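Survey of secondary and tertiary structure
In case you want the letters, here they are:
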Amino acid sequence: MENIINKDMTIKEIIDIDSELADIFFTFGMFCIGCEMSSGETLAEACEGHGVDVEEMLKALNLALSEK
């Protein structure tokens, strides 16, 4: 599996790749898709702020992309 998404990408960059990835964020309890911070906050920063393991989130996001 090729990892397209990395922890230094902003949430907006990730959603711009595929808007359906928003469901992964929701699964992890992160509803920050429409938040102003989403365009400037990295995935790592968002995960830290929400108490989410960034490596688990990365695995889920990249797996979802690879299954398309």
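Scroll up a little and you will see the structure.
Described below are features of the structure shown in this document. (Residues numbered from 1 in each chain as written. Predicted model: local features only at pLDDT ≥ 70, side-chain atom pairs only at ≥ 80, totals over all residues. Heavy atoms only, no water.)

1. Side note on the overall build of the protein chain
The number of helices and strands found in the protein chain is 4 helices and 0 strands. If you list the helices and strands of the protein chain from N to C, you get α-α-α-α. Whereas a compact globule of 68 residues would reach a radius of gyration of roughly 11 Å, the protein chain reaches 11 Å, a difference of no more than 12%. Its C-alpha atoms put the protein chain at 30 × 20 × 20 Å along the principal axes. Within the protein chain, the fraction of its 68 residues that count as buried is 40%. Put simply, of all contacts in the protein chain between residues at least 6 apart along the chain, 63% involve residues at least 24 apart. Accessible area for the protein chain stands at about 4,200 Å²; split by element, carbon and sulfur atoms hold 49% of it. Here the protein chain carries 4 positive and 15 negative side-chain charges, and the mean point of each set is 4 Å from the other. (Helix = DSSP H or I, 4+ residues; strand = E, 2+ residues; numbered from the N terminus. Rg over C-alpha atoms; globule rule 2.2 N^0.38 Å. Buried < 20%, exposed > 50% of the residue type's maximum accessible area, 1.4 Å probe, protein only. Contact = heavy atoms within 4.5 Å. Areas by Shrake-Rupley, 256 points an atom, 1.4 Å probe, with all protein chains shown as cover. Lys, Arg positive; Asp, Glu negative; His and termini not counted. Charge placed at Lys NZ, Arg CZ, Asp CG, Glu CD.)

2. Points about the side chain of Glu 41
Within the secondary structure, Glu 41 sits in the loop between helix 2 (22–27) and helix 3 (43–50). When sequence neighbours within four positions are dropped, the list of residues in contact with Glu 41 reads Met 9, Thr 10, Ile 11 and Ala 46.

3. Considering the environment of Met 9
With respect to the helices, strands and loops of the structure, Met 9 is situated in the segment before helix 1 (11–17). Residue class for Met 9 comes out buried when judged on its relative accessible area of 13%. For the pair Met 9 and Met 57, spaced 48 residues apart in sequence, the C-alpha separation works out to 13 Å. In contact with Met 9, not counting residues within four places along its chain, are Ile 4, Ile 14, Ile 17, Glu 41, Thr 42 and Leu 43.

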